[in-house]
Amino acid sequence: MDNLTQSQWISLLVPLLVLQLALMITALVVLVKAERTRGPKWLWAIIIVIVNLLGPIAFFLFGRRAD
Amino acid sequence: MSLSLKMKMKMKMSTGMQKWLVLFRKEWLEIVRSYRILWLPIAFAVLGASQPITSFFMPDILASAGNLPEGTVISIPAPTPPEALAGALSQFGAIGLLLVALSSMGAVSGERTSGTSAMILVKPVPFASFITAKWAALVLLASLSLAAGYGAAWYYTETLFGSVSWRDALPAVLLFALWMSFVGTLTLLFSALLRSAAAAAAAALATAAALSLSASSLPFEQSWNPGRLSALAAGRLVASAASPAGGQTAGDVWLTVAVTAIAMLAALFASARAVRRRPADA
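Residues numbered from 1 in each chain as written. Chains lettered and ligands numbered in written order. Predicted model: local features only at pLDDT ≥ 70, side-chain atom pairs only at ≥ 80, totals over all residues. Heavy atoms only, no water.

Turning next to the overall build of chain A. In terms of regular secondary structure, chain A is built from 3 helices and 0 strands. The buried share among the 67 residues of chain A stands at 28%. Taking the intrachain contacts of chain A between residues at least 6 apart in sequence as the baseline, contacts between residues at least 24 apart amount to 50%. A total of about 4400 Å² of accessible surface is found on chain A, and carbon and sulfur atoms cover 68% of it. (Helix = DSSP H or I, 4+ residues; strand = E, 2+ residues; numbered from the N terminus. Buried < 20%, exposed > 50% of the residue type's maximum accessible area, 1.4 Å probe, protein only. Contact = heavy atoms within 4.5 Å. Areas by Shrake-Rupley, 256 points an atom, 1.4 Å probe, with all protein chains shown as cover.)

Here it is in structure tokens:
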């Protein structure tokens, strides 16, 4: 840990955060655009934002109604 | 509906291969539209990257846990680079397989209830093409995701721990890809056999877990068992992770691979039969 400078730290963690953020934002956009969802929209919004990684996935799997 | 119309027009004058490509394109389009093309690779990449990072910081995490008695000395040997990469594979073997099964659990049963399968199968489409197009799309998606995840794990392992030879890393990931495709095929089979999507995912995962458990815990030699594949994959990276049955000869590994391939073929055959018997839910 000591042999990592701060910029090295950032370069390690930023790609991970960017990926998760991209997934979260896509899920939120799909949620807002969807006409109907399975379950209340506000609840899905909370789940997508709070539950890291698995929240957006759960929304894509179970929240969308196919129409 | 426009999609099905397009298909109808294309199928009027097409050979078997062209028909199959149309079906495959429809499956792939669905993967894109359901955002599986996005979330499955990202999930694998995040899983693959966080495993080396977590094991790199494990000593610090434990040290800051704070509920250890005074003067406790924790010495965890830092994992070797191949061990770190094998750790990522074990993540894929648990959460990764769960996600793969969940992403394809409704492959057939969902189309039966929505009426899509009825719409497709009234056209002169062989049942085998219907199933194999689904299977190919599923395996392609799973392989892309595994590649993304393994690539991320490899990159982070190289940066944090040191290099792993591709001679070890490549066979390991190929064996694991076969195991993952096998579980995907099981999901497709159970999705064709059972009405409920959740039951299909559960049945596929339970079968995979049972095979894998019996391979690792039963005392006799099981060269035929596909459940050995994930242990074989890890064994390519870390010698001690190989199954307790002892030294693996190359012929042994090929036998497992061949049995898995045959089992996958049989599962596809059974799925096509199940679709022929019940093409749609009334």
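Turning our eyes to something else, we now look at the packing of helix 4 (residues 81–103) of chain B against helix 8 (residues 166–193) of chain B. All names here are of chain B. In the contact formed by helix 4 and helix 8, the axes pass within 10 Å of each other and the chain directions differ by 15°. In terms of orientation, helix 4 and helix 8 fall into the roughly parallel class. Pair helix 4 / helix 8 crosses with right-handed handedness. Residue-level contacts link Leu85, Leu89, Phe92, Gly93, Leu97, Val100 and Ala101 of helix 4 to Ala169, Ala172, Phe176, Trp179, Met180, Val183, Gly184 and Thr187 of helix 8. Among the residues forming the contact of helix 4 with helix 8, the class breakdown is 12 nonpolar, 3 polar and no charged. (Axes fitted to C-alpha atoms, helices over the stretch in contact; angles between N-to-C directions. Parallel < 35°, antiparallel > 145°, perpendicular 65-115°, else oblique. Left-handed = near helix turned anticlockwise from the far one by under 90°. Nonpolar A, V, L, I, M, F, W, Y, C, P; charged D, E, K, R; others polar.)

Phi at Leu53 of chain A is positive, roughly 65°, even though this residue is not glycine. With respect to the element layout, Leu53 of chain A can be found in the loop between helix 2 (41–50) and helix 3 (54–63). We note that Tyr35 of chain B has phi near 65°; this positive angle belongs to a residue other than glycine. Its location among the elements puts Tyr35 of chain B in the loop between helix 2 (16–33) and helix 3 (36–63).

Another aspect to go through is the pattern of salt bridges. Residue and element names in this part refer to chain B. Applying the stated rule across the entire model yields 7 salt bridges over all chains. Lys26 is the partner of Glu30 in a salt bridge, and the nearest nitrogen-oxygen pair spans 3.4 Å. In this pair, Glu30 and Lys26 are both assigned in helix 2, 4 residues apart and thus about one turn of the helix distant. On the basis of relative accessible area, Glu30 is assigned to the partly exposed category, the value being 30%. Since its relative accessible area comes to 4%, Lys26 is described here as buried. A salt bridge links Lys134 to Glu111, with the shortest nitrogen-to-oxygen separation between them at 3.2 Å. In this pair, Lys134 is assigned in helix 7 (residues 127–160) and Glu111 in helix 5 (residues 109–114), connecting sequence segments 23 residues apart. Given the relative accessible area of 3%, Lys134 is considered buried. (Salt bridge = Lys/Arg side-chain N within 4 Å of Asp/Glu carboxyl O.)

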